[in-house]
Amino acid sequence: MNQIPLVDLKAAHAEVAEDVRTGFERVLANTAFIGGEEVRAFEREYAAFAGVAHCVGVANGTDALELALRASGVGAGHEVVLPANTFIATAGAVARTGARPVLVDCDPDTYLMDGPAALDAVGGATRAVVPVHLYGQCADVEALAAALPPRVAVVEDAAQSQGAARDGRSPGRGGIASTSFYPGKNLGAYGDAGAVLTDDGERAGLVRAIANHGGVAKYRHDVAGFNSRLDGLQAVVLRAKLAGLAAGNTARRAAAARYDELLSGLVAAGRVVLPVTAAGSAHVWHLYVIRVLGADRDEVVGKLNAEGIGAGVHYPAPVHLTPAFAHLGHRRGDFPHAEEAADRILSLPLYPQITADQQQRVVDVLAGALR
Ligand SMILES: *Cc1c(COP(=O)(O)O)cnc(C)c1O
């Protein structure tokens, strides 16, 4: 069968195979398996790409968020505001700091955190708000930061938004953001990896220390830390792929525009709702997420999968309806937009190498499934 995966990691590897091979040879020769020159070079190159002063490579995106929160002073006894519709890791990282996650609903069109709801949720114990730049589109961080009291930090979860910007501002600019290089992300490693991005030298230093057993010099432990470092082999992969990230994002944008066009008939028929890009948003289309109307979403996904099309759901349950966060005491109905999205959304295959023919086939099969 003609398989169309959600993300084509084989096609992505083919583009960098030679650079990865020669880079691996360099690391095997110098045995800098953790940290080392490849990691430093990647940190410099990614900071330049992201438009921030500091990039600290760490072990994964969940650690990156926890580290960014901790470096911003978040810990036990605090509250952290975050959207109910996000990958579970956002809430998991908050919980790991010892702080209590405080959930808010999303905008029904962009699926980004509802800004006014986040401000309403800020109380005396709030130490941070975590906007999630979901699906490749940045939340309005500047508006949020301007409205928050100075004791509340904005810590951005930019795991899905590598290369994205809002009104010309990229994640971490003037603040602090975490990102993930999980293999399926726009910039993906060949294993786990992540980074903290910031213009704040003090918080960058603190992240570096906490992630290295509490100190940057060997056997000097200034704060209680843990181990979350970036490997040299992963840095090789990330450097090789970073060179093609901007072009890959441009290709994703073109593919998203093509889906918009191919789906226009289903939109007119009231069967699907297209993703909405906010004004001033430079979207990098980590995921192309539609809502299906008048059909059982899980059945539609099942039919697409049965035809070899790797449609997915990001994510089938909002944080408050997962067993892991049942202790927060919410019920269905508390965050109606997040719940409605979780019931109806579906992600179509999208990656830089996807062809017009593949997209046409996805839409044909989708139309059949909705018939
Ligand atoms: C992928 C992702 C993470 C976690 O990243 P890992 O590298 O898998 O730990 C956190 N938040 C969001 C929104 C993500 O998509």
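A quick note: this is a predicted structure, and the numbers were derived from the prediction, not measured. (Residues numbered from 1 in each chain as written. Predicted model: local features only at pLDDT ≥ 70, side-chain atom pairs only at ≥ 80, totals over all residues. Heavy atoms only, no water.)

### Notes on the domain arrangement of the protein chain
Then, number 1: Domain annotation for the protein chain reports domain 1 (9–242) and domain 2 (245–370).
Then, number 2: If you average the C-alpha positions of domain 1 and of domain 2, the two centres end up 24 Å apart.
Then, number 3: In this complex, domain 1 contributes 42 residues to the contact, which on the side of domain 2 involves 34 residues.
Then, number 4: Of the roughly 3,200 Å² buried where domain 1 meets domain 2, counting both sides, 59% is carbon and sulfur surface.
Then, number 5: Along the contact surface separating domain 1 from domain 2 lie zero salt bridges.
Then, number 6: Linking domain 1 to domain 2 there are 23 residue pairs in polar contact (both at pLDDT 80 or more).
Then, number 7: Sorting the residues of the side of domain 1 that touches domain 2 by element identifies α1 (9–30), α2 (37–50), α4 (88–96), β3 (100–104), β6 (165–166) and α8 (232–242) as the ones contributing at least two each.
Then, number 8: Of the residues in the side of domain 1 that touches domain 2, the class split is 22 nonpolar, twelve polar and eight charged. (Domains from an automatic or database assignment. Contact = heavy atoms within 4.5 Å. Buried area = accessible area lost by both parts, 1.4 Å probe. Salt bridge = Lys/Arg side-chain N within 4 Å of Asp/Glu carboxyl O. Polar contact = N/O pair within 3.5 Å; in protein donor to acceptor, adjacent residues only side chain to side chain. Helix = DSSP H or I, 4+ residues; strand = E, 2+ residues; numbered from the N terminus. Nonpolar A, V, L, I, M, F, W, Y, C, P; charged D, E, K, R; others polar.)

### Quick notes on the packing of helix α11 (residues 297–306) against helix α13 (residues 356–370)
Then, number 1: Where α11 meets α13, the axes come as close as 9 Å, and the angle between the chain directions of the two elements is 135 degrees. Our classification of the angle between α11 and α13 gives oblique. Regarding α11 and α13, the two cross each other, and that crossing is right-handed. Contact residues: α11 offers Val300, Lys303 and Leu304, while α13 offers Val362, Val365, Leu366, Ala369 and Leu370.
Then, number 2: For the contact of α11 with α13, the residue count by class is seven nonpolar, no polar and one charged. (Axes fitted to C-alpha atoms, helices over the stretch in contact; angles between N-to-C directions. Parallel < 35°, antiparallel > 145°, perpendicular 65-115°, else oblique. Left-handed = near helix turned anticlockwise from the far one by under 90°.)

### Regarding the layout of surface pockets
Then, number 1: Computed from the structure, the largest pocket encloses a volume of approximately 470 Å³.
Then, number 2: As for the largest pocket, its lining consists of 28 residues, and the residues nearest its centre are Phe87, Gln160, Tyr182, Lys185 and Tyr315.
Then, number 3: Listed by contribution, the elements that provide at least two residues to the lining of the largest pocket are α3 (61–71), α4 and β7 (176–180).
Then, number 4: In terms of residue class, the lining of the largest pocket is built from 13 nonpolar, eleven polar and four charged.
Then, number 5: Summarising the domain contributions, the lining of the largest pocket has at least three residues from each of domain 1 (9–242) and domain 2 (245–370).
Then, number 6: Quantified by volume, the second largest pocket comes out at close to 360 Å³.
Then, number 7: As for the second largest pocket, its lining consists of 23 residues, and the residues nearest its centre are Ala12, Glu15, Asn186, Pro352 and Gln353.
Then, number 8: Elements represented by at least two residues in the lining of the second largest pocket include exactly α1, α8 and α9 (245–262).
Then, number 9: Of the residues forming the lining of the second largest pocket, the biggest block, five residues, is contributed by α9. (1 Å grid on protein atoms, 1.4 Å probe; cavity = no way out; pocket = protein on both sides within 12 Å on 5 of 7 lines; lining within 4 Å. Points joined across faces, edges and corners; volume = space filled by probe spheres on them.)

### Comments concerning α1
Then, number 1: Taking the largest bend as the criterion, α1 deviates by roughly 65 degrees, centred on Val16.
Then, number 2: Of all the residues in α1, the buried ones are Ala12, Val16, Ala17, Val20, Gly23 and Val27.
Then, number 3: Close packing links the buried residues of α1 with α2 and α8.
Then, number 4: In the stretch just after α1, Thr31 is the one whose phi turns positive, near 55 degrees. (Bend = angle between axes of the 7 residues up to and from the residue. Buried < 20%, exposed > 50% of the residue type's maximum accessible area, 1.4 Å probe, protein only.)

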